Each structure stands twice: as structure tokens, then as C-alpha cells.
Amino acid sequence: MALIICPECNNQTSSQAALCPKCGFPIADKIDSLAKASNSSVAHIEAKLLLCKKRMVYSLFSVVFAALWAAMELSVGNPLPEFSFYVFGGGGLLSFVYWLKRRDEYNDEINS
């Protein structure tokens, strides 16, 4: 038996009670709809979290690609290999930091 909060009067009530003992609100009718709404919002946030993690991986690939590209340009004698690294690597790194922050926000939403 779990304690839930009555949506009408905010009183703690048993999840098995048909009515709230304080205000008489029909809790049994609302429990299923409240549980479904709660589960769907958590599933939505978890889907966002998965997408965020994928984007973080793509961002890291961009940084690795930029480092390899700059190394290749250095080996061929290009005078400005750091430009490629700054463009690709900087963008990838900024993207990674952005998605890292978003991941933390999604985790906070799930845990609250």
C-alpha cells in the first residue's frame, strides 16, 4: 500500500482507498490516469536523454575528426592546419558542452 496525494485537497491517502477520507474525492477513478500521465512524461524525458547522449557522441566524433584532419594537413605541409582544427574541433567541443548541460537538466527532471 502506497500513500498518494489527493489532487483535490493535497491530503495523503492510501492508494487503495476509493475516496479521499478528508474531502471525498474519488481517488480510485483518477489513479490510473495519473499513473499513465506520469509514466508518459518520464518516458518522454528519457527519450530526450537518449537523443542527447547520441548527440554528445557525434560531437566527440567531430573533435576527433578535426584532430585527424589537422594532423593530415600538417603532414602535407599546409601552413594553417590549426584553422581546420579550430573550425571543426571548436564547433564539436561547443556542441559537446551544450549537450552535456542538457543531459544534466534531463537527469534532474527524471530524478525530481
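Residues numbered from 1 in each chain as written. Predicted model: local features only at pLDDT ≥ 70, side-chain atom pairs only at ≥ 80, totals over all residues. Heavy atoms only, no water.

**Some words on the overall build of the protein**
Right, so step 1: Assigned secondary structure in the protein consists of two helices and two strands.
Right, so step 2: In the protein, the succession of helices and strands from N to C terminus is β-β-α-α.
Right, so step 3: Counting over 112 residues, the protein shows a buried share of 20%.
Right, so step 4: Put simply, 34% of the contacts in the protein that link residues at least 6 apart link residues at least 24 apart.
Right, so step 5: Counting every atom, the protein has about 8,000 Å² of accessible surface; 64% of that belongs to carbon and sulfur. (Helix = DSSP H or I, 4+ residues; strand = E, 2+ residues; numbered from the N terminus. Buried < 20%, exposed > 50% of the residue type's maximum accessible area, 1.4 Å probe, protein only. Contact = heavy atoms within 4.5 Å. Areas by Shrake-Rupley, 256 points an atom, 1.4 Å probe, with all protein chains shown as cover.)

**Describing the nonpolar core**
Right, so step 1: By size, the foremost hydrophobic cluster in this structure holds seven residues: I45, L49, C52, M56, F96, W99 and Y106.
Right, so step 2: Elements supplying a minimum of two residues to this core: α1 (27–76) and α2 (81–111).
Right, so step 3: Top element by residues in this core is α1. It accounts for four residues.
Right, so step 4: Filtering out sequence-adjacent residues up to four positions away, M56 remains in contact with F96, W99, L100 and R103. (Core = buried A, V, L, I, M, F, W, Y, C linked by side-chain atoms within 4.5 Å.)

**Notes on the pattern of salt bridges**
Right, so step 1: If you walk through the whole model with that rule in mind, you get two salt bridges.
Right, so step 2: Note that D104 is salt-bridged to R103, the shortest N-O span being 3.2 Å.
Right, so step 3: Assessed through its relative accessible area of 35%, D104 is described here as partly exposed. (Salt bridge = Lys/Arg side-chain N within 4 Å of Asp/Glu carboxyl O.)

**Some points on the confidence of the model for the protein**
Right, so step 1: In this model, the protein carries a mean pLDDT of 75, and residues with pLDDT of at least 70 account for 79%.
Right, so step 2: The element-level mean pLDDT for the protein is lowest in α1, coming to 74, with strand β2 (residues 12–14) highest at 80. (pLDDT = per-residue confidence, 0-100.)

**Here we look at the environment of C6**
Right, so step 1: Mapped onto the elements, C6 comes out in the loop between β1 (3–5) and β2.
Right, so step 2: Each C-alpha atom of the pair C6 and C20 lies 6.7 Å from the other, and the pair is 14 residues apart in sequence.
Right, so step 3: C6 has contacts with N11, T13, C20, C23, F25 and I27, leaving out every residue within four places of it along the chain.

**Focus: the side chain of S59**
Right, so step 1: Structurally, S59 is set in helix α1.
Right, so step 2: What S59 contacts, discounting residues up to four positions off in sequence, is G92, S95, F96 and W99.

**A word on the state of the cysteines**
Right, so step 1: A full pass over the atoms with the stated rule returns zero disulfides.
Right, so step 2: Sulfur of C20: no disulfide; nearest cysteine sulfur belongs to C9 and is 3.6 Å away. (Disulfide = S-S within 2.5 Å.)

**Some remarks on the environment of G24**
Right, so step 1: Relative to the elements of secondary structure, G24 occurs in the loop between β2 and α1.
Right, so step 2: Given a relative accessible area of 37%, G24 falls into the partly exposed group.
Right, so step 3: In this structure, the C-alpha to C-alpha distance between G24 and C9, residues 15 residues apart in sequence, is 9.5 Å.

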